[in-house]
Amino acid sequence: MKIKKVELHRVRLELVRPFRTSSAYRTHIEHILVRLIDSDGADGWGEIATAVDPFYNAETTETAWHIAHDFLAPMVLEKSWESVGEFRNLYGKVKGNRFARSGMEMAVWDLVGRKSGQSLAEMLGGTLTEVEVGVSLGIEADVSTLLTQVDKYVEEGYRRVKLKIAPGWDLKPVQAVREKYPELRLQVDANSAYALNDMDQLKKLDEYHLLLIEQPLADDDMIDHAELQKYLKTSVCLDESLHHVDDVRKALEMQSCRVVNIKVSRVGGLMESKAIHDYCLARQIPVWCGGMHEFGLGRAANLGLASLEGFKLPGDTSGSDKYWKQDLIDPPVTVKNGLAQVPTGPGLGVNLVMDRVAAGRTRLAVL
Ligand code: OSB
Ligand code: MG
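Owing to the predicted nature of the structure, the values given are computational and were not obtained by experimental measurement. (Residues numbered from 1 in each chain as written. Chains lettered and ligands numbered in written order. Predicted model: local features only at pLDDT ≥ 70, side-chain atom pairs only at ≥ 80, totals over all residues. Heavy atoms only, no water.)

Student: Help me understand the sheet that holds strand β8 (residues 213-214) in this model?
Tutor: Remark on secondary structure: sheet strands pair via backbone hydrogen bonds, oriented parallel or antiparallel. Overall, parallel pairing links the seven strands, which are arranged β5-β6-β7-β8-β9-β10-β11 in an open sheet. A strand with exactly one partner marks an edge of an open sheet, and here the two such strands are β5 (134-137) and β11 (287-289). In terms of strand pairing, strand β7 (residues 186-189) meets β8 through two bridges, oriented parallel. If you follow V188 over to β8, its bridge partner there is I213. (Pairing = 2+ DSSP bridges. Helix = DSSP H or I, 4+ residues; strand = E, 2+ residues; numbered from the N terminus.)

Student: Before we go on, may I ask you to explain the site of ligand 1 in this structure?
Tutor: In the neighbourhood of ligand 1, 15 residues make up the surrounding shell, with S136, K164, N191, H293 and Y323 lying closest. One nitrogen or oxygen atom from the main chain of H293 is found 2.8 Å from an oxygen atom belonging to ligand 1. Here an oxygen atom of ligand 1 sits 2.6 Å away from a polar atom, N or O, in the side chain of Y323. Coverage of ligand 1 by the protein amounts to 99% of the 390 Å² it exposes when considered alone. Because more than half of its atoms lie within 2 Å of the grid, ligand 1 is assigned to the largest cavity. Along the lines of polarity and charge, the residues of the shell around ligand 1 split into three nonpolar, four polar and eight charged. (Near = heavy atom within 4 Å. Polar contact = N/O pair within 3.5 Å; in protein donor to acceptor, adjacent residues only side chain to side chain. Areas by Shrake-Rupley, 256 points an atom, 1.4 Å probe, with all protein chains shown as cover. 1 Å grid on protein atoms, 1.4 Å probe; cavity = no way out; pocket = protein on both sides within 12 Å on 5 of 7 lines; lining within 4 Å. Sits in = over half its atoms within 2 Å of the grid points. Nonpolar A, V, L, I, M, F, W, Y, C, P; charged D, E, K, R; others polar.)

Student: For this particular structure, what's the right way to read the packing of helix α5 (residues 143-156) against helix α6 (residues 171-180)?
Tutor: A pair of packed helices is captured by two measures, namely the crossing angle of their axes and the spacing between those axes. Where α5 contacts α6, the two axes come as close as 10 Å, and the packing angle between them is 45 degrees. Viewed along their axes, α5 and α6 adopt a mutual orientation that is oblique. Seen along the crossing, α5 lies across α6 with a hand that is right-handed. Contacts between α5 and α6 involve V143, L146, L147, V150 and D151 from the former and K172, P173, A176, V177 and K180 from the latter. (Axes fitted to C-alpha atoms, helices over the stretch in contact; angles between N-to-C directions. Parallel < 35°, antiparallel > 145°, perpendicular 65-115°, else oblique. Left-handed = near helix turned anticlockwise from the far one by under 90°. Contact = heavy atoms within 4.5 Å.)

Student: Please explain the side chain of T60 as it appears in this structure.
Tutor: Counting through the fold element by element, T60 comes out in the loop between β3 (43-48) and α1 (61-76). Here T60 falls in the buried class, since its relative accessible area comes to 10%. If near-sequence neighbours (up to four positions away) are discounted, T60 is found in contact with T50, A51, V52, D53 and P54. (Buried < 20%, exposed > 50% of the residue type's maximum accessible area, 1.4 Å probe, protein only.)

Student: Looking at this model, I keep getting lost on the coordination of the magnesium ion (ligand 2). Mind explaining?
Tutor: Reference values for angles at a metal are 109.5 degrees in the four-donor tetrahedral case and 90 or 180 degrees in the six-donor octahedral case. In this structure, D189 (OD), E214 (OE) and D239 (OD) serve as the protein donors to the magnesium ion (ligand 2), at separations of 2.1 to 2.3 Å. Positions of the donor residues of the magnesium ion (ligand 2) along the chain correspond to the pattern D-x24-E-x24-D. Within this pair, whereas E214 is found in strand β8, its partner D239 is found in the loop between β9 (236-238) and α9 (245-253), the two being separated by 25 residues in sequence. Residues E214 and D239 agree in their burial class; the two are buried. (Donors = N, O, S within 2.8 Å, 3.2 Å for Na, K, Ca; no water.)

Student: Whenever I open this one, the sheet that holds β3 confuses me. Can you help?
Tutor: In spatial order, the strands read β3-β2-β1-β13; together these four strands make up an open sheet with antiparallel pairing. Edge positions in the sheet fall to β3 and β13 (361-366), since each of these pairs with one other strand and no more. Across the sheet, the axes of successive neighbouring strands diverge by a mean angle of 20 degrees, strand direction being ignored. In the sheet, strand β2 (residues 25-38) pairs with β3 via six bridges, with the strands oriented antiparallel. Bridging across to β3, I32 finds its partner in I48. Each of β1 (3-20), β2, β3 and β13 touches α1; the most contacted strand, β1, lies at about 160 degrees to it. Of the strands in this sheet, β1, β2 and β3 are in contact with helix α3 (residues 98-116), which crosses β3 at around 155 degrees.

Okay, here's the thing in C-alpha cells:
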C-alpha cells in the first residue's frame, strides 16, 4: 500500500467544564486530526491528543504539528508498506514525540480496518464487547463543588471515580468522597505533584482503600516510586513515567508500581499499547486505559483497545458529553449503566461530521 496524501486538521473544542490538575488548567482542547489517503482513494483518520501546553509531558499541539508536518508526513508519503508495523517503521527514526507518532499510526489502523472490513478491536484481538467506564474529575474550588460532580457521575452510573490531587488538595477531598460513598471504586492522580519527602502525607491515603494512586512522583523517577511503593499499602500506578513496553518491564522489575495506565498517545500508538497489555497480562498486572481528553475519534480508539482482556480496571473512557457539548463524531460515545460499547464498524468505527471539524478547525495542511 502507498499513502498519496496526508491532511492535518488542527481542531479546537471548548471543554464543557474547565479542568484543573496539579500541573495545568485547561478550558479548551486542540488536537490534530490526521487523514491518510492511499492510492485507491481509501482514507483513515487518527487523532494526536496533545495538550496545548507542555505541562503533562514535553509535547504540545504546536510541537506535534511540527513533527507531523515536517517529518512524519514526508516520511510516509509515496512509500510502500504492507502492514501497520511496516508503516510504523517508515518513521522509526523519529525519537520521542509519541503523541504525534500515535496519531499517525491511529490513522493507518483506521485505513487498514476500513479496507478489510475489520474493526480495531478485531484487529487487536479484543474480546470484550462493552467495557466498564470511570470518570476523571479535576481539582475544584472547594469540596462541596467536587461532591456535586461526583454525585452527577455516580448517578449516571460510572463505575469508578478518579480524583486529581495536589499538595493541599488530597486528604480533604478523598475523605469527603469516601465518607459519602463508602463502596465507590475510587482512585487518585497526582500528575507528579509530590516528592519522596511527602511520603508520610501520601501514607495517610492508605486508610481510604483506594484502587491506586497514579503518578505521585516525577515522571523520570522510577527509583523513588519503588521506594514509595514499599512504604504504601495503596498500589502505585504509573502514567507519565511509562513510554513503551521496556519502561513497563523495568518499572515492574523494580516494583515501582503494581498497576499500569496505558494511554495510546503517551506510548506512541495502539501497537505499543497492545504490546504493553500483552506483557502485563502474562504477568497478571492489571492495566487500564487512560485518556487525554480525546475527541470522539481517539475515544473510539481507546474503547477498541480496552476490549482486550487484560483491561481489568475501568478506564478514563468516559462518554463524549463528559467533555464536549457536541463531539466531532455522530453518534457520540455514550455510557449507560457505567458501560460503553466497543465500536464494531470497520476501522475505528465512528463517523466524523466534517462540518463540525471545519467549524472547529484552526489550521489545515494538505501534503
Ligand atoms: O493524567 O490522566 C491524566 C487529562 C489530561 C492529561 C492527563 C490526564 C488527564 C485525565 C483525564 O486524567 C483523562 C480523560 O478523561 O481523558
Ligand atoms: Mg494520569
